Amino acid sequence: MADLSDSLRRLIAMQGPIPLALYMAQANAHYYSTRDPLGAGGDFITAPEISQMFGEMVGIWLADVWRRAGSPARVIYAEPGPGRGTLARDALRVAARFGLVPEVHFIEGSPALRRAQAEAFPQAVWHEDLSTLPEDAPILLVANEFLDALPVRQLVKTPQGWRERMVGLDGDRFVPVSGGLPMDSAVPQAWREAEAGAIVETSPATSAVMGEIGARLAAQGGAALIIDYGYAPRQMGSTFQALRAHAHVDPFEAPGEADLTCLVDFVTAAQVAQAQGARVMGIAGQGGWLMALGMAERAAALAKVAPDETEAAYHRLTAPDQMGVLFKVLGLAGREWPDGAGFAPPVPVS
Ligand code: SAH
């Protein structure tokens, strides 16, 4: 099998440094297509793999919005990057109790993970991207830790002005270098005067996906939950990182052998979907959102069977110093669709 590091080295030797976005896209395409990275024996663990409670709350949320939208008979469940299918399994098991039994559509690039998903959902339909999803029914879309894997572009301030951050070679090692072309016009006015070394990170790939989700919700109706680690408001600086065997490693060390991610810029993600006609319900911290959905009550019930495990999972998913605040939930809706639970501040009852 051709080694990705070698082919990237050849490419750079031939044509010079490559954009960081290309490096990240190539590395993750290789990474995800050659393994199941999730769980204790893998590189990282995600909320649905920590506890069934996570998917169950998502399922309750979906069923609630769907019912208040009038329980449309035909509805599409669409999940980009479903991993092992665990979130869909837990969410749709609960949703079915409320009468919501949607058609299941997965957007997945990795053959290895498609196989795992087919075990949980043999009847699912798979897509390479969102463009081939059905157009004739409302969409309930859920994405957990999908956007963080999409490539980012970085611009760096040099003494000569703003340049694209590229990946070059120092001997055999991959190193970040700045490109030759002036990029000042690509940097928002407010940040242009930043000090040398400053970095602005954007994700055209994330914006493309969010634009498509927004347009689908506007045209077909439905609702979406985008869950990931990220920030709001906007911020400067690089968030490019790599995870391998549950530890942070150098993202330039072994492309294709570690999970390369960036934090999600939630404000831009929401605005891009809104510009395509979707309604933004809000951006909530994961901990508060899960509690608003009733996870404390669910945990109390599960704790009767497995107290230690449930307590640990509850803490990990909701505590502010764990996944409760860094992880965020963005809620979107089609124009005629109602708001979902967990976003608006509670109405005071006097
Ligand atoms: N949502 C799952 C898995 C998260 S890992 C969970 O929470 O456990 C990221 C997922 O996105 C994997 O399924 C990976 O194969 C998929 N993925 C990453 N980049 C992708 C791309 N460019 N196109 C399609 N799927 C992608």
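First, a word on what this report is: a plain description of the structure on this page. (Residues numbered from 1 in each chain as written. Predicted model: local features only at pLDDT ≥ 70, side-chain atom pairs only at ≥ 80, totals over all residues. Heavy atoms only, no water.)

## Quick notes on the side chain of serine 51
Stage number 1. For serine 51, the location among the structural elements is in the loop between helix 3 (47-50) and helix 4 (52-68).
Stage number 2. Among the polar contacts listed, one links the side chain of serine 51 to the backbone nitrogen of methionine 53, at a separation of 2.9 Å.
Stage number 3. Once residues within four sequence positions are removed from consideration, serine 51 is found in contact with Ala313 and Leu317. (Helix = DSSP H or I, 4+ residues; strand = E, 2+ residues; numbered from the N terminus. Polar contact = N/O pair within 3.5 Å; in protein donor to acceptor, adjacent residues only side chain to side chain. Contact = heavy atoms within 4.5 Å.)

## Notes on the sheet that holds strand 12 (residues 247-249)
Stage number 1. With antiparallel pairing, the 3 strands of this open sheet are ordered in space as 12-11-13. Two strands in the sheet have a free side with no partner beyond their single neighbour: strand 12 and strand 13 (259-261). Averaged over neighbouring strand pairs, the angle between their axes works out to 40 degrees when direction is ignored.
Stage number 2. Here strand 11 (residues 241-244) runs beside strand 13; their pairing, made up of 3 bridges, is antiparallel. (Pairing = 2+ DSSP bridges. Axes fitted to C-alpha atoms, helices over the stretch in contact; angles between N-to-C directions.)

## Here's the deal with the site of the ligand
Stage number 1. Near the ligand, the surroundings consist of 16 residues, among which Thr46, Gly81, Gly83, Glu108 and Asn144 are the closest.
Stage number 2. The backbone of glycine 83 places a nitrogen or oxygen atom 3.1 Å from an oxygen atom of the ligand.
Stage number 3. Separating an oxygen atom of the ligand from a side-chain N or O atom of glutamate 108 is a distance of 2.5 Å.
Stage number 4. Considering the ligand on its own, with 570 Å² of exposed area, one finds that the protein chains cover 87% of that surface.
Stage number 5. Partitioning the shell around the ligand into residue classes produces 8 nonpolar, 6 polar and 2 charged. (Near = heavy atom within 4 Å. Areas by Shrake-Rupley, 256 points an atom, 1.4 Å probe, with all protein chains shown as cover. Nonpolar A, V, L, I, M, F, W, Y, C, P; charged D, E, K, R; others polar.)

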